[in-house]
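# Remarks on the overall topology
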Amino acid sequence: MKMIVAIIRPERLQSVKDALRCNGIMGMTMIQVKGRGSQSGVNISTRTGIFRVDEIEKIMLEIVVEDDQKQQTIDIIKEAALTGHIGDGRIFVVPVEESIKVHDE
Amino acid sequence: MKMIVAIIRPERLQSVKDALRCNGIMGMTMIQVKGRGSQSGVNISTRTGIFRVDEIEKIMLEIVVEDDQKQQTIDIIKEAALTGHIGDGRIFVVPVEESIKVHDE
Amino acid sequence: MKMIVAIIRPERLQSVKDALRCNGIMGMTMIQVKGRGSQSGVNISTRTGIFRVDEIEKIMLEIVVEDDQKQQTIDIIKEAALTGHIGDGRIFVVPVEESIKVHDE
Amino acid sequence: MKLGIMIAVVVVAIASVSLFLLPEASAETAEILADDASGVLDHTDMTWVLVATTLVFMMAPALALFYGGMLRKQSMTSTIAQCIMGVALVFVIWAFIGYSLAFSGDIGGFIGDLGFALMHNVPYDSSSLGLTIPDMEFLMFQGMFAGVTACIVIGASAERARFSAIMLFLALWSVLVYAPMAHMVWGGGLLSTAGGHIVSLDYAGGMVVHICAGITGVAIAMVLGKRSSRTIKDRPHSIPWMYLGAILLWLGWIGFNGGSGLAVNETLVIVIATTIISSMVAMLAWGAMQVLHAGRVSVSGMCAGFLSGLVAITPACAFVSPASAAFIGATAAIVCYFGVIFMRKRSGVDDALDVFGIHGIGGIWGAIATGIFASSMLTDTPGLIDGGVDLFVGQLAAIGFTLAYCFTVSFVIMKAISLVMRIRYTEDEELIGGDIAEHGESAYN
Amino acid sequence: MKLGIMIAVVVVAIASVSLFLLPEASAETAEILADDASGVLDHTDMTWVLVATTLVFMMAPALALFYGGMLRKQSMTSTIAQCIMGVALVFVIWAFIGYSLAFSGDIGGFIGDLGFALMHNVPYDSSSLGLTIPDMEFLMFQGMFAGVTACIVIGASAERARFSAIMLFLALWSVLVYAPMAHMVWGGGLLSTAGGHIVSLDYAGGMVVHICAGITGVAIAMVLGKRSSRTIKDRPHSIPWMYLGAILLWLGWIGFNGGSGLAVNETLVIVIATTIISSMVAMLAWGAMQVLHAGRVSVSGMCAGFLSGLVAITPACAFVSPASAAFIGATAAIVCYFGVIFMRKRSGVDDALDVFGIHGIGGIWGAIATGIFASSMLTDTPGLIDGGVDLFVGQLAAIGFTLAYCFTVSFVIMKAISLVMRIRYTEDEELIGGDIAEHGESAYN
Amino acid sequence: MKLGIMIAVVVVAIASVSLFLLPEASAETAEILADDASGVLDHTDMTWVLVATTLVFMMAPALALFYGGMLRKQSMTSTIAQCIMGVALVFVIWAFIGYSLAFSGDIGGFIGDLGFALMHNVPYDSSSLGLTIPDMEFLMFQGMFAGVTACIVIGASAERARFSAIMLFLALWSVLVYAPMAHMVWGGGLLSTAGGHIVSLDYAGGMVVHICAGITGVAIAMVLGKRSSRTIKDRPHSIPWMYLGAILLWLGWIGFNGGSGLAVNETLVIVIATTIISSMVAMLAWGAMQVLHAGRVSVSGMCAGFLSGLVAITPACAFVSPASAAFIGATAAIVCYFGVIFMRKRSGVDDALDVFGIHGIGGIWGAIATGIFASSMLTDTPGLIDGGVDLFVGQLAAIGFTLAYCFTVSFVIMKAISLVMRIRYTEDEELIGGDIAEHGESAYN
Ligand SMILES: Nc1ncnc2c1ncn2[C@@H]1O[C@H](COP(=O)(O)OP(=O)(O)O)[C@@H](O)[C@H]1O
Ligand SMILES: Nc1ncnc2c1ncn2[C@@H]1O[C@H](COP(=O)(O)OP(=O)(O)O)[C@@H](O)[C@H]1O
Ligand SMILES: Nc1ncnc2c1ncn2[C@@H]1O[C@H](COP(=O)(O)OP(=O)(O)O)[C@@H](O)[C@H]1O
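Presented here is a report on the structure given in the accompanying data block. (Residues numbered from 1 in each chain as written. Chains lettered and ligands numbered in written order. Predicted model: local features only at pLDDT ≥ 70, side-chain atom pairs only at ≥ 80, totals over all residues. Heavy atoms only, no water.)

### Remarks on the overall build of chain D
The following threshold applies: Helical segments are the DSSP runs of H or I of at least four residues, strand segments are the runs of E of at least two, and each set is numbered from the N terminus. Radius of gyration here is computed from C-alpha atoms only, and the compact-globule reference equals 2.2 Å multiplied by the residue count raised to the power 0.38. Throughout, exposure labels follow a simple rule: accessible area from a 1.4 Å probe, protein chains only, divided by the maximum for the residue type, with under 20% read as buried, over 50% as exposed, and the rest as partly exposed. Contact between two residues is taken to exist if any of their heavy atoms lie within 4.5 Å; hydrogens are not considered. Each accessible area is a Shrake-Rupley result for a 1.4 Å probe, and residues are judged covered by the shown protein chains and nothing else. Within this scheme the basic residues Lys and Arg register as positive and the acidic residues Asp and Glu register as negative, but His and the chain ends are omitted. Note on charges: their place is set at NZ of Lys, CZ of Arg, CG of Asp or CD of Glu.
For chain D, the helix and strand inventory stands at 14 helices and 0 strands. Counted from the first residue to the last, chain D has its helices and strands arranged as α-α-α-α-α-α-α-α-α-α-α-α-α-α. Its C-alpha atoms give chain D a radius of gyration of 20 Å, near enough to 22 Å, the size a compact globule of 445 residues would have. Referenced to the eigenvectors of the C-alpha coordinate spread, the extents of chain D come out at roughly 60 × 50 × 45 Å. Out of the 445 residues belonging to chain D, those deemed buried represent 73%. For chain D, restricting intrachain contacts to residue pairs at least 6 apart in sequence, the fraction spanning at least 24 positions comes to 77%. Surface summary for chain D: the accessible area is close to 12,100 Å², and the carbon and sulfur share equals 67%. Of note, chain D has its 17 positive side-chain charges centred 25 Å away from the centre of its 29 negative side-chain charges.

As structure tokens, then:
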């Protein structure tokens, strides 16, 4: 199994959630995070100079899927999270060795 | 080493924490998250129709343990987090390659 | 690739961020967490007895780097996060199999 | 359930017995309403009552913050929704009919008639009641009381009562419980100082507002049943919101007690002094209890503390000296401290936000204390300490009657509603919380 | 853009036409200011107006909470910053020059002169305007009105207007739009009851404050353009802050409408009664609309509800009966409910916080309702229902004129500012939010 | 530490020198208390002072929000706890003994006697002090002042002083520092306008409240020592709470300054005008400083801005023209802007929440400004600008005396307490924060 760790824009959360559900991927965990990416934030200029904002709000999704669903999940997220601007986010894949339900039906 | 990622009900946090301590498992990190599980949320019906709540508050625990403590940790959590209802949560096991203390005594 | 998961004191965040940037490590994700470490918290004594605080605010950083940057990243964090007191935090290294940008330039 | 029935039996018993024991109220007893009234409008009195109306008005939304802050964050929006819709509903019903049932005429000492219904015969430029403020202003002021009382009740049914059920309950309750109580105590009915058959004193609503709200809370909490153990969270989700609500209540109480005399005069100064001193001392006393008991003070404790002092002084505020007020405040804190613990641990009733623990028990203690400490220098019907036994017995009777009446009618109304609609959340809804489940609007995004 | 031009054309048309249709106002019409004024100071009136000033003052910071709570959490600080700096700026300008332009003399029925500029000839111990309060107190009270109106406007430009641009706009607007409006309606100008050419009534600022703020909001929103779709978040970031702001507005409104008579008398009682009843009924009506439409009520909806009732009753509050007030409130809720939906979905203008939807549309309906329901028992110029056609036509004319004047001038000012400085955020700044991007101060840490 | 000793030496020196330089106060000087007092109760005055009491009362809990919002979120509950318990404690002590020490009799121009102790001889229906309000109402109003001053002090010891230590300190301080100061300035003592040896003016508490609180803060901060560098967080944890606290302070100040005359009259109008104008202008000035210095304005800055204007105008508010008030406000903002920076960066004292930076420095500047701008049209003892040198010298002496007295006694009290109990947190407790460590109650759950 794999854990897909996706860091996306907050305003894309709804579309990503919907897209995943339509494709039968239900389980997911959402975390509010702040991130800085390769640009190391955004530059803002004021009267007295330029400063850099390097804590931008993002949503992190952790989705554990079977190995064969991995690529599909990544593709769905990529599509649903895209706005075409810098800062659209990243997806990491982490190996998962086991997955257990607390309440086994 | 393994990282045990457990997603549990907020109201079970105290018992899980206590149970782990009693068994000598001290270190852990707690994160407030929202999750949707295999049912993809809960259905609520109102006068004008049914809507689905798919962001339910959970607590995510990340606990890094030696390989031989893994099973014990999982068992403790499973027991302490159980209420017997849908939504009791999940436990994932992720490999950890290294663990470093910032402040080496 | 590796994901460096560092749990540090909130008041050291700025120095860690700065130190990483100076060394060209830009991308990172910050999460507000609560943690208990090996001491299982801090003891507080009141008139009626001693109680233990085992949810202490921390910041968790997740930084995905190429394998060859791993050691450098760890060293930078260790140095910048150090205050020399108990509770300075931990760093875990988790394997990452893939890293994808949502918006491929 | 057990406890509820026990309470009911006891209070009915007390009430019946004491009605027989009672001496007839003498005719000379001054009526609060007509205190220094001449029917000539006084602009200063009008100004003060208007300020007081504004302050009392503030208490209703403040209760939403106070209550919401103490609950889980999943219940903040729904608590607010119930409070403000509740106050609007009850206020409008009051203006249209409740005021008339309370203050127009008298039917059997129990309720008024429809003489002022739909605000007919409620002039804005004179007073048919012989007040120094226009009747319309009096209606507004009293309407805020009705609204606030309704909001207090909501605390007992928190986190499980459905919005529509509780709105329907409040609508019926305001006509069947609150309006008769207001009539009996302030409108010349059974318990009123002037025409009443029971010698009793209730300056600013110890019975009409606090005992009534407290026991009503018990009644609906019993019909609703307890929350799931998975929902109850003993830590307030937000101390600042709870605290802000509490201090707005405190400030509002200055209008609540202070406005009840409907005039600016020496009595007003006493009322303010006793109100503030009682609450301050009660907070200190509650803090002391906490230090002895738990080794530390908490903000929730201190807020409960000053509120208990405010509740207890409410019926007595114009009739006791500042020193008695300090004593009443201190004892109120102690009584309510154990009252809250009892209600939470032993009562078997899930009085979610201590409505009975604070308003009920504090109100009962306040009414008793009025019967003990009412000073002959400040009222014609002094309490035990100045040798008046009538008042003391009368207060007990009035308390018993209030408990019995409000409990019975509220219980019946809520039961009746439960027959026609679903009155509480399903377990799923309860767990998710009313904010999302009922209003689709989480408080923090 | 389209809509804006349409609106502009329509209102200019209405205005021009109605100016011809109008009968001359008869000389007997009483001027509000001089209602029961003798020029002899009355300490009770002074007390009440001071309390009212405090209450109105509270509305400006309350708006910051109400607005900020409805936006993303990245816009909380910047909304607060614009509100409090805005109120300070406009108040100081008002004290120095705006008050004079509104209340000293008259130039062409359109604006005053500089007789009171820099607070000259504004005594603190007498009234040259023939009031029962000193002119200085009147200046303070009116200054708070100017400040609050400025804060209302800010809601329309939220999350994209730069701080410096909006401050410059408010400074100019307060002199070029607000002061003339205040003069025309209350200062003896074109639209005033006494000297005016148009028979119209606006007791507490339906036109000067609400319609003016609403249409000004549309004007600047049009110049600024819409927010990025990535910034708009339809869920309030904090229901409790939104709610606290709303209830402080509600309480403040008691001073807003109640203080406008500048005296404690029978009229004040009517004003308070109509204000409270209208808002309560409006909340119930909005709730009912929501239940029918969406199956559930929300706190944001209820707040919008009572605010729409407050806006609509503002011009009418002293002239209508409580029953009419209930009707006005109920209809206001319905009109604004659809108004808000229209503005959000159809208008093409990004009126971020429903400034036109509530204040504009509610204000217009309130002004029309005044023309319908003004009672001959309460004013010399009754509305349709009591057979007065003049007032009804006059109200329409006054509305048209207000819309045309405020829209045009505000639009021109904002356009002009856009020529000399950057008036809105870049997309990056907008996404990060004004709190960090402009003030370097996030609201929650 | 260095700085503290320096300050102490300097102020003692100033004080001693100026006491010699002083002319005797002439007998004609009017006493504030007896301004237009006849001993006949005036219902309008009673109404206004009651409203003012409510407004001042509001300031104490508001300070908790203002302070708590500026700290880490781990210190919110503990700040609230200290504030409300502090105000209850100090108020009760005030009612029982402080009031008497301040306003009954006179011992050596320094303190009163026990004639009013335990509220004896404090009638609720007449005034033995010759006021137009009953003495009991005066006691309440003054008690709120004492409570608020206590709460201001707490800001300096934030995040490290133990609850019990600070409560004990406030109890002693209210008797040994506050009551004598109130006596000296308002109770006919050394610094009072009437019987005093120093010609000085302090209308609403520039010295008694602000300078006193500011320098007391420095004293206890010095005894406590600094916070761990790991605790200090320069960003407020919640701008909205800080802001709400600040605006409630602003509104409360209307009662604070406005109530100090104890009457509704022309002076009240001046007081309100100068208070509001000074604060508004100060906010604009602070904003301007920030733009010049940092390129942007912040909400914390604007709040500090208007507070500095309010502090500075407090002693002067009845004695200066609105124009002077605008000037005082603007300069106060500039002085405090640098004062705060100095205290934070250079002073070596960890004045956690700018108590000295704003209240101390702003209060000193306000007292000096009173000596400069007091107008001969508004007081018998004009300032420099109207040719009065006595007052200017007197103000300097009074400032010096206040600084010396309050610093010395507060320092000694706190040191003494440190001998009998632990006064500050351990480093662990400090890091975890008082909310959990001391009260076991985190603010947000
Ligand atoms: N190397 C990394 N490790 C961890 N998180 C990262 C890394 N790179 C990017 N992120 C996360 O992904 C988010 C989006 O990154 P990116 O698309 O590069 O945006 P940006 O425009 O901010 O550079 C960041 O805000 C951060 O949270
Ligand atoms: N595949 C998954 N990947 C990540 N998180 C998951 C996954 N499945 C479940 N979770 C997390 O576990 C929680 C509980 O899941 P589960 O017990 O299936 O509950 P539910 O009743 O909501 O289906 C979810 O709320 C979610 O946070
Ligand atoms: N075994 C573990 N698994 C997960 N997180 C841990 C573990 N041990 C420590 N941590 C995290 O690291 C933080 C700091 O740990 P440590 O330096 O041991 O501090 P402490 O003084 O609290 O023992 C903890 O608060 C916790 O969040």
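From this point, things continue past the structure.
### Let's talk about the packing of helix 2 (residues 43-70) of chain D against helix 2 (residues 43-70) of chain F
Note the following rule: To define axes, lines are fitted to C-alpha atoms, for helices over the stretch in contact only, and angles between the resulting N-to-C directions are given on a 0 to 180 degree scale. Orientation categories follow fixed angle ranges, with anything under 35 degrees roughly parallel, anything over 145 roughly antiparallel, 65 to 115 roughly perpendicular, and all other angles oblique. Each crossing is labelled by how the near helix is turned from the far one, with a counterclockwise turn of less than a right angle marking it left-handed and a clockwise turn marking it right-handed. Residue polarity follows a fixed list, in which Ala, Val, Leu, Ile, Met, Phe, Trp, Tyr, Cys and Pro are nonpolar, Asp, Glu, Lys and Arg are charged, and the others, Gly among them, are polar.
At a minimum axis distance of 9 Å, the contact between helix 2 of chain D and helix 2 of chain F shows a crossing angle of 15 degrees. One way to sum up the angle between helix 2 of chain D and helix 2 of chain F is to call them roughly parallel. Like other packed secondary-structure pairs, helix 2 of chain D and helix 2 of chain F cross with a definite hand, here left-handed. Facing Thr-44, Trp-48, Val-51 and Leu-55 of chain D of helix 2 of chain D, the residues of helix 2 of chain F in contact are His-43, Thr-44, Thr-47, Leu-50, Val-51 and Thr-54 of chain F. Along the lines of polarity and charge, the residues of the contact of helix 2 of chain D with helix 2 of chain F split into 5 nonpolar, 5 polar and no charged.

### Considerations on the relation of the copies chain D and chain E
For these two chain copies, the linking operation is a rotation about an axis paired with a shift along it. This is how it is decided: Alignment of copies: least-squares fit on C-alpha atoms of residues with pLDDT of at least 70 in both copies.
The transformation that overlays chain D on chain E combines an axial shift of 0.0 Å with a rotation of 120 degrees, and the residual RMSD is 0.0 Å. Taken together, the rotation and translation relating the two chain copies correspond to the operation of a three-fold axis. Among all residues of chain D, the one whose C-alpha sits closest to the rotation axis is Thr-44 of chain D, at a distance of 3.4 Å. The share of interface residues of chain D whose copies in chain E are also at the interface is only 9%, consistent with the copies meeting through different surfaces.

### Regarding the site of ligand 3
Heads up, the condition is: Proximity criterion: a residue is near a molecule or strand once any of its heavy atoms comes within 4 Å of it. Polar contacts, as used here, are pairs of N or O atoms within 3.5 Å; protein pairs need one atom able to donate a hydrogen and one able to accept it. Residues neighboring in sequence count only if both atoms are side-chain atoms.
Near ligand 3, the surroundings consist of 20 residues, among which Thr-29 and Val-64 of chain B together with Ser-38, Gln-39 and Ile-86 of chain C are the closest. Around ligand 3, the nearby residues trace back to chains B and C. Between ligand 3 and Arg-36 of chain C there is a distance of 3.4 Å, counted from an oxygen atom to a backbone nitrogen or oxygen. Contact with the protein chains hides 94% of the accessible area of ligand 3, taken as 540 Å² for the molecule alone. Looking at the shell around ligand 3, the elements that each hand over two or more residues are strand 2 (28-36) and strand 5 (56-65) of chain B together with strand 2 (28-36) and strand 6 (90-95) of chain C. Among the elements that line the shell around ligand 3, the one with the most residues is strand 5 of chain B, at 3 residues. Taken together, the residues that form the shell around ligand 3 break down as 6 nonpolar, 8 polar and 6 charged.

### Thoughts on empty space enclosed by the protein
For clarity, the cut-off: Here the term cavity refers to a set of points on a 1 Å grid, laid over the protein atoms alone, in which a 1.4 Å probe fits but cannot get out; the term pocket refers to an open set having protein on both sides within 12 Å along at least five of seven lines, with lining residues being those that place an atom within 4 Å of a point. Grid points are joined across faces, edges and corners, and a volume is the space filled by probe spheres set on the points.
Empty space within the largest cavity amounts to approximately 430 Å³. If you trace the largest cavity, you find 25 residues lining it, with Leu-55 and Met-58 of chain D, Leu-55 of chain E together with Leu-55 and Met-58 of chain F closest to the centre. The set of elements that each furnish at least two residues to the lining of the largest cavity consists of helix 2 and helix 7 (239-259) of chain D, helix 2 (43-70) and helix 7 (239-259) of chain E together with helix 2 and helix 7 (239-259) of chain F. When residues in the lining of the largest cavity are grouped by element, the largest group, 6 residues, is from helix 2 of chain D.

### Description of the interface of chain D and chain E
Test applied: Once two parts are joined, some of their accessible surface, as seen by a 1.4 Å probe, is lost; buried area is that loss totalled over both. By definition here, a salt bridge exists when the distance from a side-chain nitrogen of Lys or Arg to a carboxyl oxygen of Asp or Glu is within 4 Å.
In this complex, chain D contributes 43 residues to the contact, which on the side of chain E involves 43 residues. Note on chain D versus chain E: buried area summed over both sides is about 4,000 Å², and carbon and sulfur give 80% of it. Our enumeration of links across chain D and chain E arrives at 0 salt bridges. Summed over the shared surface of chain D and chain E, the number is 9 residue pairs in polar contact (both at pLDDT 80 or more). At the level of secondary structure, the elements contributing two or more residues to the side of chain D that touches chain E comprise helix 2, helix 3 (76-103), helix 4 (135-154) and helix 7 of chain D.

### Some details on the site of ligand 1
The environment of ligand 1 is formed by 20 residues, the closest being Ser-38, Gln-39, Ile-86 and Gly-87 of chain A together with Thr-29 of chain C. What surrounds ligand 1 is not a single chain but chains A and C. Between ligand 1 and Ser-38 of chain A there is a distance of 2.8 Å, counted from an oxygen atom to a backbone nitrogen or oxygen. With respect to ligand 1, the backbone of Val-64 of chain C contributes an N or O atom lying 2.9 Å from a nitrogen atom. Surface burial for ligand 1 is 94%, taken as the share of its 550 Å² of free accessible area covered by protein chains. Looking at the shell around ligand 1, its residues break down into 6 nonpolar, 8 polar and 6 charged.

### A few points about unusual backbone geometry
For Asp-354 of chain D, which is not glycine, the phi dihedral falls at a positive 60 degrees. Here Asp-354 of chain D is to be found in the loop between helix 10 (322-345) and helix 11 (355-373).

### A look at the state of the cysteines
Which entries qualify depends on this criterion: Here, a disulfide means two cysteine sulfur atoms that sit within 2.5 Å of each other.
For the structure on display, the rule yields 0 disulfides over all chains. The structure places no disulfide on Cys-317 of chain D, whose sulfur is separated from the nearest cysteine sulfur, that of Cys-336 of chain D, by 16 Å.

### Re the arrangement of the chains
Across the gap from chain A to chain D, with no contact made, the nearest C-alpha atoms are 11 Å apart. When C-alpha atoms are compared, chain B and chain F, though not in contact, are closest at a spacing of 11 Å.

### Considering the side chain of Asp-351 of chain D
Residues and elements named next belong to chain D. Mapped onto the fold, Asp-351 is located in the loop between helix 10 and helix 11. Within the buried core, Asp-351 has no salt-bridge partner, and the shortest N-O distance to an opposite charge, that of Arg-160, equals 7.1 Å. A polar side-chain atom of Asp-351 sits 2.9 Å from the main-chain amide nitrogen of Val-355. Setting aside residues up to four positions removed in sequence, Asp-351 forms contacts with Ala-156, Met-343, Phe-356 and Gly-357.

### Let's talk about the packing of aromatic side chains
Keep this limit in mind: Geometry of aromatic contacts follows a simple scheme: Phe, Tyr and Trp rings, the Trp one being its six-membered ring, pair when their centres are within 6.5 Å, and the pair is stacked under 30 degrees between planes, edge-to-face over 60, tilted otherwise.
One pass over the full model with this rule turns up 69 aromatic pairs over all chains. In textbook terms, an aromatic cluster arises when at least three aromatic residues are bridged by ring pairs, as seen for Trp-94, Tyr-99, Phe-103, Phe-116, Phe-138, Trp-173 and Tyr-178 of chain D.

### Thoughts on the side chain of Asp-435 of chain E
Residue and element names in this part refer to chain E. With respect to the element layout, Asp-435 can be found in helix 14 (residues 434-437). One buried charge, Asp-435, has no salt-bridge partner; the nearest side chain with opposite charge is Arg-72, at 7.8 Å. Ignoring any residue separated from it by four or fewer positions in sequence, one finds Asp-435 in contact with Lys-73, Gln-74, Ser-75, Met-76, Thr-77, Ser-78, Gly-440, Glu-441, Ser-442 and Ala-443.

### What about the environment of Ile-334 of chain E?
Here Ile-334 of chain E shows up in helix 10 (residues 322-345). When the C-alpha positions of Ile-334 of chain E and Ser-308 of chain E are compared, they lie 9.0 Å apart, and in sequence the two are 26 residues distant.

### Re the pattern of salt bridges
Applying the stated criterion to the full structure yields 47 salt bridges over all chains. The residue Lys-73 of chain E makes a salt bridge to Glu-57 of chain A at a minimum N-O spacing of 3.8 Å. Residue Lys-73 of chain E is located in the loop between helix 2 and helix 3 (76-103), and its partner Glu-57 of chain A is located in strand 5 (residues 56-65); the two belong to separate chains. On the basis of relative accessibility, which here comes to 22%, the residue Glu-57 of chain A falls in the partly exposed class. In this structure, Glu-97 of chain B engages Lys-2 of chain C in a salt bridge whose closest nitrogen and oxygen atoms are separated by 2.9 Å.

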